[in-house]
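Notes for the structure review
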Amino acid sequence: MGDALIRIVDKHLRGCLPQEVPPSYREILGAHAVGRGKPRQIEAHLIMFDDLPAAVLLTKWKMGWSHRWFMSSAVYWENGRWHREPLPHPDLFNSTPSPRPQHGGGAA
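All values reported here derive from a predicted model rather than from experimental measurement. (Residues numbered from 1 in each chain as written. Predicted model: local features only at pLDDT ≥ 70, side-chain atom pairs only at ≥ 80, totals over all residues. Heavy atoms only, no water.)

In this section: the overall build of the protein chain. Within the protein chain, the secondary structure is distributed over two helices and six strands. Reading the protein chain from its N terminus to its C terminus gives the helix and strand order α-β-β-β-β-β-β-α. Burial statistics for the protein chain: of 108 residues in total, 24% are counted as buried. Within the protein chain, residue pairs in contact and separated by at least 24 positions form 32% of the contacts whose partners lie at least 6 positions apart. Split by element, the accessible area of the protein chain, about 8300 Å² in all, is 55% carbon and sulfur. (Helix = DSSP H or I, 4+ residues; strand = E, 2+ residues; numbered from the N terminus. Buried < 20%, exposed > 50% of the residue type's maximum accessible area, 1.4 Å probe, protein only. Contact = heavy atoms within 4.5 Å. Areas by Shrake-Rupley, 256 points an atom, 1.4 Å probe, with all protein chains shown as cover.)

Pasting the structure below:
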């Protein structure tokens with residue numbers, strides 16, 4: 001069933017792009033149904049254009065599939081190739097937050 005699910009993922013993701021734009025992933029490593037019964041959701045693991053890993057979750061609706069990406073940062077197509085948004089600088093996460101402004105309040 002994994003191969004059939006991979007084909008569903010590949011067909012859906014390619015179908016979201018203009019015909020002249022290749023997919024942002026190089027390979028779909030595997031896919032599996034999430035939950036019980038019909039594969040109402042499919043989770044797939046991929047290798048992206050820049051060799052970084054990603055996952056995508058497809059959800060089945062009456063009108064077709066939708067998807068949600070899980071990856072380190074956003075990607076976009078520009079000037080004939082895929083690009084990745086730069087990751088925030090690590091110092092943003094290691095800095096001490098600035099103190100909150102003090103507000104006077106109440107009766108004096």
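Further remarks concern the environment of Glu27. Tracing the chain through its elements places Glu27 in strand 1 (residues 25-34). The class of Glu27 is partly exposed, set by a relative accessible area of 43%. When the C-alpha positions of Glu27 and Pro53 are compared, they lie 9.8 Å apart, and in sequence the two are 26 residues distant. Glu27 has contacts with His45, Leu46 and Ile47, leaving out every residue within four places of it along the chain.

Judged by pairing direction, the sheet is antiparallel, and its four strands sit side by side in the order 1-2-3-4 without closing on themselves. At either end of the open sheet lies a strand with only one pairing partner, and these are strand 1 and strand 4 (64-70). Going from strand to strand, the sheet's axes swing by 25 degrees on average, the running direction of each strand aside. (Pairing = 2+ DSSP bridges. Axes fitted to C-alpha atoms, helices over the stretch in contact; angles between N-to-C directions.)

It is worth spelling out the packing of aromatic side chains at this point. Summed over all chains, the structure comprises one aromatic pair. Relative to Trp82, the ring of Trp77 has its centre 5.5 Å away and its plane inclined at 65 degrees; by these criteria the two rings are edge-to-face. By relative accessible area, which is 13% here, Trp82 ends up buried. (Phe/Tyr/Trp six-rings, centres within 6.5 Å; stacked < 30°, edge-to-face > 60°.)

Our focus in this paragraph is the nonpolar core. Ranked by size, the top nonpolar core spans 17 residues in total, and within it Val9, Ile28, Ala31, Ala44, Leu46 and Val56 carry the most contacts. Breaking this core down by element, the ones donating at least two residues are helix 1 (2-15), strand 1, strand 2 (41-48) and strand 3 (53-61). What Ala31 contacts, discounting residues up to four positions off in sequence, is Gly2, Leu5, Ile6, Val9, Ile42, Glu43 and Ala44. (Core = buried A, V, L, I, M, F, W, Y, C linked by side-chain atoms within 4.5 Å.)

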